[in-house]
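Per-entry structural report
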Amino acid sequence: MTIQAHLVELERKHKLLENELHEALVHLSTDDLQIVELKRRKLMVKDQIERLKQVDTLH
């Protein structure tokens with residue numbers, strides 16, 4: 001998989017997590033731990049995206 005293809009996949013995953021987090025926040029019955037976990041996963045994906053972008057600019 002090329003760096004660019006990997007970036008596209010990570011950005012798609014980030015958007016899905018963003019949507020899932022939004023839905024969880026809208027529903028008051030959502031467990032706080034679930035919200036924290038979604039935020040953590042979203043941040044991890046964002047960090048991966050940023051690292052890949054740095055690698056891509058080096059090439």
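Now for a quick tour of the structure. All residue numbers refer to positions counted from 1 along the written sequence of the respective chain. Local features in this predicted model are restricted to residues of pLDDT 70 or higher, and side-chain atom pairs are both shown and tallied only at a pLDDT of 80 or more, whereas totals for entire chains, interfaces and linings draw on every residue. As a rule here, side-chain values cover all heavy atoms of the structure and leave hydrogens and water aside.

Considering the overall build of the protein
Using the following cut-off: The numbering of helices and of strands both runs from the N terminus, where a helix is a DSSP run of H or I of at least 4 residues and a strand a run of E of at least 2. The quantity called the radius of gyration is restricted to C-alpha atoms. Its globule counterpart is 2.2 Å times the number of residues to the power 0.38. Throughout, exposure labels follow a simple rule: accessible area from a 1.4 Å probe, protein chains only, divided by the maximum for the residue type, with under 20% read as buried, over 50% as exposed, and the rest as partly exposed. We call two residues in contact when some of their heavy atoms are within 4.5 Å. For the accessible areas, the method is Shrake-Rupley and the probe is 1.4 Å, while residue cover comes only from the protein chains on display. In this tally, Lys and Arg are treated as positive and Asp and Glu as negative; His is ignored, and so are the chain termini. For charged residues, the charge sits on one atom: NZ in Lys, CZ in Arg, CG in Asp, CD in Glu.
Secondary structure summary: the protein contains 2 helices and 0 strands in total. Whereas a compact globule of 59 residues would reach a radius of gyration of roughly 10 Å, the protein reaches 14 Å, over 25% beyond that. The principal-axis extent of the C-alpha atoms belonging to the protein is close to 45 × 15 × 15 Å. Burial status across the protein gives 20% buried among its 59 residues. In the protein, of all internal contacts separated by at least 6 residues, the share reaching a separation of at least 24 is 71%. Summed over its atoms, the accessible surface of the protein is roughly 4,700 Å², and 58% of this surface lies on carbon and sulfur atoms. In the protein, the 10 positive side-chain charges and the 11 negative ones have mean positions that sit 2 Å from each other.

Thoughts on the nonpolar core
We count it as follows: Only buried residues count toward a nonpolar core, which is a set of Ala, Val, Leu, Ile, Met, Phe, Trp, Tyr and Cys residues joined through side-chain atoms within 4.5 Å.
Among the nonpolar cores identified, the biggest contains 10 residues, and these are Leu7, Leu10, Leu17, Leu21, Ala24, Ile35, Leu38, Val45, Ile49 and Leu52. Apart from the residues within four sequence positions on either side, Leu10 is in contact with Val45, Gln48, Ile49 and Leu52.

Thoughts on the pattern of salt bridges
Operational definition: Whenever a carboxyl oxygen of Asp or Glu lies within 4 Å of a side-chain nitrogen of Lys or Arg, that contact is scored as a salt bridge.
Counted by the stated rule, this structure contains 5 salt bridges. Taking the shortest distance from any N to any O, the salt bridge between Glu9 and Arg12 comes out at 2.5 Å. Note that Glu9 and Arg12 are positioned in helix H1 (residues 3-26) at a spacing of 3 residues, about one turn of the helix. On the basis of relative accessibility, which here comes to 33%, the residue Glu9 falls in the partly exposed class.

Considering the packing of H1 against helix H2 (residues 32-58)
To be explicit about the condition: The axes are straight lines fitted to the C-alpha atoms, using for helices just the contacting stretch, and the angles between their N-to-C directions are given from 0 to 180°. By the definition adopted for this analysis, an angle is roughly parallel if under 35 degrees, roughly antiparallel if over 145, roughly perpendicular if from 65 to 115, and oblique otherwise. Left-handed describes a crossing whose near helix is turned anticlockwise from the far helix by less than a right angle; the clockwise case is right-handed. Each residue is assigned to one of three groups, with Ala, Val, Leu, Ile, Met, Phe, Trp, Tyr, Cys and Pro labelled nonpolar, Asp, Glu, Lys and Arg labelled charged, and all others, Gly among them, labelled polar.
At a minimum axis distance of 9 Å, the contact between H1 and H2 shows a crossing angle of 160°. One way to sum up the angle between H1 and H2 is to call them roughly antiparallel. Note on packing geometry: the crossing formed by H1 with H2 is left-handed. Residue composition of the contact of H1 with H2, by class: 13 nonpolar, 4 polar and 10 charged.

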